[in-house]
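# Results of the structural survey
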Amino acid sequence: GSLLLMAHLVAPESSGPQRQTRAGWRDIAIPLARNSTPPSLRPGARVDLYADIRMGGELPVPHLVMENVTVLSVGDEALNVPETADGRFSYNYRKMSIEVTEEEALALSNVERIAEGGFRVAVRAETDHTREHIPEGGIHPTILDIIQRKQREPAPDPRRRTLN
């Protein structure tokens, strides 16, 4: 029984670009997994990136891809039904742009091709700048190994299709 206002349909001002990309860095857009964006995802946030990758088993396995990445913008939002007591709507973003090196941009392109669905993000506290799992920064070495293995696998024969 709530009144629908225009403010409910317009994306928050903070969803646009926060600043220009630094010299030597790249601003790339990556797809986000459906219904997975935390409400605290905003430009300027620091996030960890995860991707679900099928490793031969039945279910894809979640992998940490990068740590402590700067979000430049979020967008292409889908309006969610209000779940809060005050009737506010939340946004579930479908993509975000992040600041990475050229090498990281190329690796993320490969991850995007082998991942199931989009990337998942975990927003860090503003004061948390640690890199516990990837001290040198960049793409997790396990992900780089997976990309190399997948690139060496023979391409599936299009003539051999299984019928369900």
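The structure contained in this document is the topic of the report that follows. (Residues numbered from 1 in each chain as written. Predicted model: local features only at pLDDT ≥ 70, side-chain atom pairs only at ≥ 80, totals over all residues. Heavy atoms only, no water.)

### Concerning the overall build of the protein chain
Counting its regular elements, the protein chain contains 3 helices and 7 strands. For the protein chain, the α and β elements follow one another from N to C terminus as α-β-β-β-β-β-β-α-β-α. The buried share of the protein chain, reckoned over its 164 residues, is 36%. If you take every contact in the protein chain between residues at least 6 apart in sequence, the share linking residues at least 24 apart comes to 74%. Of the roughly 10,900 Å² of accessible surface on the protein chain, a fraction of 51% belongs to carbon and sulfur atoms. (Helix = DSSP H or I, 4+ residues; strand = E, 2+ residues; numbered from the N terminus. Buried < 20%, exposed > 50% of the residue type's maximum accessible area, 1.4 Å probe, protein only. Contact = heavy atoms within 4.5 Å. Areas by Shrake-Rupley, 256 points an atom, 1.4 Å probe, with all protein chains shown as cover.)

### What about helix 2 (residues 102–114)?
For helix 2, with 13 residues, the first-to-last C-alpha span of 19 Å sits near the 18 Å given by 1.5 Å per residue. Considered for burial, the residues of helix 2 that qualify are Glu104, Ala105, Ala107, Leu108, Asn110 and Val111. Structurally, helix 2 contributes buried residues whose contacts are with strand 1 (26–31), strand 2 (46–53), strand 3 (61–75), strand 6 (95–100) and helix 3 (141–152). (Expected span 1.5 Å × (residues − 1).)

### Regarding helix 3
Each α-helix turn comprises 3.6 residues. Residues three or four places apart therefore point the same way. Given a rise of 1.5 Å per residue, 12 residues ought to cover 16 Å, and the 17 Å separating the end C-alpha atoms of helix 3 matches this to within 8%. Inspection of helix 3 places Ile143, Ile146 and Ile147 among the buried residues, and these make up the whole buried set. Along the axis of helix 3, the buried positions cluster into a sector of 100 degrees, meaning they face one direction only. (Arc of directions from axis to C-beta.)

### Quick look at the sheet that holds strand 7 (residues 120–123)
With antiparallel pairing, 5 strands are arranged side by side in an open sheet as 1-6-3-2-7. Two strands lie at the open edges of the sheet, namely strand 1 and strand 7, each paired on one side alone. Strand-to-strand twist across the sheet, computed as the mean angle between neighbouring axes with direction ignored, equals 50 degrees. Sheet topology note: the strand 3/strand 6 ladder contains 4 bridges and is antiparallel. Counterpart to valine 71 in the pairing with strand 6 is isoleucine 98. In the packing of helix 2 onto the sheet, the strands contacted are strand 1, strand 2, strand 3 and strand 6, and the crossing angle to strand 6 comes to about 145 degrees. Sitting on the sheet, helix 3 touches strand 2 and strand 3, and the angle it makes with strand 3 is about 105 degrees. (Pairing = 2+ DSSP bridges. Axes fitted to C-alpha atoms, helices over the stretch in contact; angles between N-to-C directions.)

### Digging into unusual backbone geometry
Note on backbone geometry: most residues besides glycine have negative phi, and most peptide bonds are trans. Residues other than glycine seldom take positive phi values, yet asparagine 68 does so here, at roughly 55 degrees. Among the structural elements, asparagine 68 can be located in strand 3.

### Quick look at the side chain of threonine 37
Position of threonine 37 among the secondary structure elements: in the loop between strand 1 and strand 2. Of the residues examined, threonine 37 reaches a relative accessible area of 12% and is grouped as buried. There is a polar contact of 3.2 Å between the side chain of threonine 37 and the backbone nitrogen of tyrosine 93. (Polar contact = N/O pair within 3.5 Å; in protein donor to acceptor, adjacent residues only side chain to side chain.)

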